[in-house]
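Each chain is listed here by its residues.
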Amino acid sequence: MAMASASGPLADIAAYRRFFAEEIEACAGLKTPRLVEAFATIPRERFLGSGPWVTRSEADFAGPSRQTPDADPRRVYHNVVLAIDPARQLFNGQPTTLGTWIDALDIRPGASVLHIGAGSGYYSAILAYTTGPAGRVVAIEIDEALAAQARRNLGAFPWVDVRHGDATAALTESFDAVLVNAGATHPQNVWLDALKRGGRLVLPLTVSLDPAVPIGKGIVLLATNDGDGSSFGARILTFVAIYSGQAIREGQMNALLGKALSRSSWPKLSRLRRDRHDELPSCWLHTDAFCLQSTNSIIA
């Protein structure tokens, strides 16, 4: 079906963005009004390069990607992922998925946010709109060309600091929220150390089954600093299939996470512990560096 004509009732791109935001709000159950407004305001097409665009949705599982019929920017206001680098299978994430994650961070105006895996900057812009100019967003991207692109794309948000790096170096400031937008095998200590009291971390924990395939599968963890930093509240947000991050994965951790997921793919997580302790029946994923504990017995 052809898009509405330029004189049609949906010709105004702002109307498309508004409906797009309302659809994300309804499908993802968003509770943060400024986040909904961010989706209605930020021009997604400006972060994608020239169209037509390569796109994927659930209908393309195990199949090839598709391409939009033309470069009409209204094509991008759907709940699909859009390529920022098709050759490497790098996509701008699904809006309802990222919306759910950002909503869980409970970002308030004036908050400080760390965004790891900024890509070309679209979701960094969503975060920046949500914090407002009184806030701060540090956006880290490991790919130098993408980091430069994100820096250009985010020029209208002077409170966003775009950095090129792998997000494993020590941080000199603390944050109310940390969003990791790439698959990791474990939380980095520098992320947990940087989380303020009451702050939240969203982290995709994924298993990579084939080194030749850049996509891993697993769960999305929400961790909350509800104490002195030695342990965190923990729960699962969603399942996920996402691009595997660089420098935030270890082979041994990948194997341990795979075994944990094979035992119980949806554990009722309660704590992320950082103290050394003997493995307990409640330990779902137990390592020397950290432990994810569940409210139900896991090990025999």
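Residues numbered from 1 in each chain as written. Predicted model: local features only at pLDDT ≥ 70, side-chain atom pairs only at ≥ 80, totals over all residues. Heavy atoms only, no water.

A. Spatial organisation of the overall build of the protein chain. Helices and strands together make up the secondary structure of the protein chain, namely seven helices and 14 strands. A compact globule built from 300 residues should have a C-alpha radius of gyration of about 19 Å, and the protein chain, at 19 Å, falls within 12% of that. In terms of overall dimensions, the protein chain has a C-alpha envelope of 70 × 45 × 35 Å along the principal axes. For the protein chain, the proportion of its 300 residues judged to be buried stands at 51%. Counting contacts in the protein chain only where the partners sit at least 6 residues apart, residues at least 24 apart contribute 59% of the total. Accessible area of the protein chain: about 13600 Å², with a carbon and sulfur share of 53%. (Helix = DSSP H or I, 4+ residues; strand = E, 2+ residues; numbered from the N terminus. Rg over C-alpha atoms; globule rule 2.2 N^0.38 Å. Buried < 20%, exposed > 50% of the residue type's maximum accessible area, 1.4 Å probe, protein only. Contact = heavy atoms within 4.5 Å. Areas by Shrake-Rupley, 256 points an atom, 1.4 Å probe, with all protein chains shown as cover.)

B. The arrangement of the pairing of strand E7 (residues 160-164) in detail. Inspection of the sheet shows strand E6 (residues 136-141) paired to E7 by five bridges, in the parallel sense. Looking at E7, one finds that Val138 is bridged to Asp161. Note that the unit made of E6, helix H5 (residues 144-153) and E7 has a crossover that is right-handed. (Pairing = 2+ DSSP bridges. Right-handed = clockwise from strand over helix to strand, strands pointing away.)

C. Spatial organisation of the packing of helix H2 (residues 33-41) against helix H4 (residues 122-131). Close contact between H2 and H4 brings their axes to 8 Å; oriented N to C, the two are set at 130 degrees. Of the possible angle classes, the one that applies to H2 and H4 is oblique. Note that H2 runs across H4; the crossing there is right-handed. On H4, the residues touching Arg34, Leu35, Glu37, Ala38, Phe39 and Thr41 of H2 are Tyr122, Tyr123, Ile126, Tyr129 and Thr130. Here the contact of H2 with H4 is composed, by residue class, of seven nonpolar, two polar and two charged. (Axes fitted to C-alpha atoms, helices over the stretch in contact; angles between N-to-C directions. Parallel < 35°, antiparallel > 145°, perpendicular 65-115°, else oblique. Left-handed = near helix turned anticlockwise from the far one by under 90°. Nonpolar A, V, L, I, M, F, W, Y, C, P; charged D, E, K, R; others polar.)

Read these as geometric descriptors, not functional statements.
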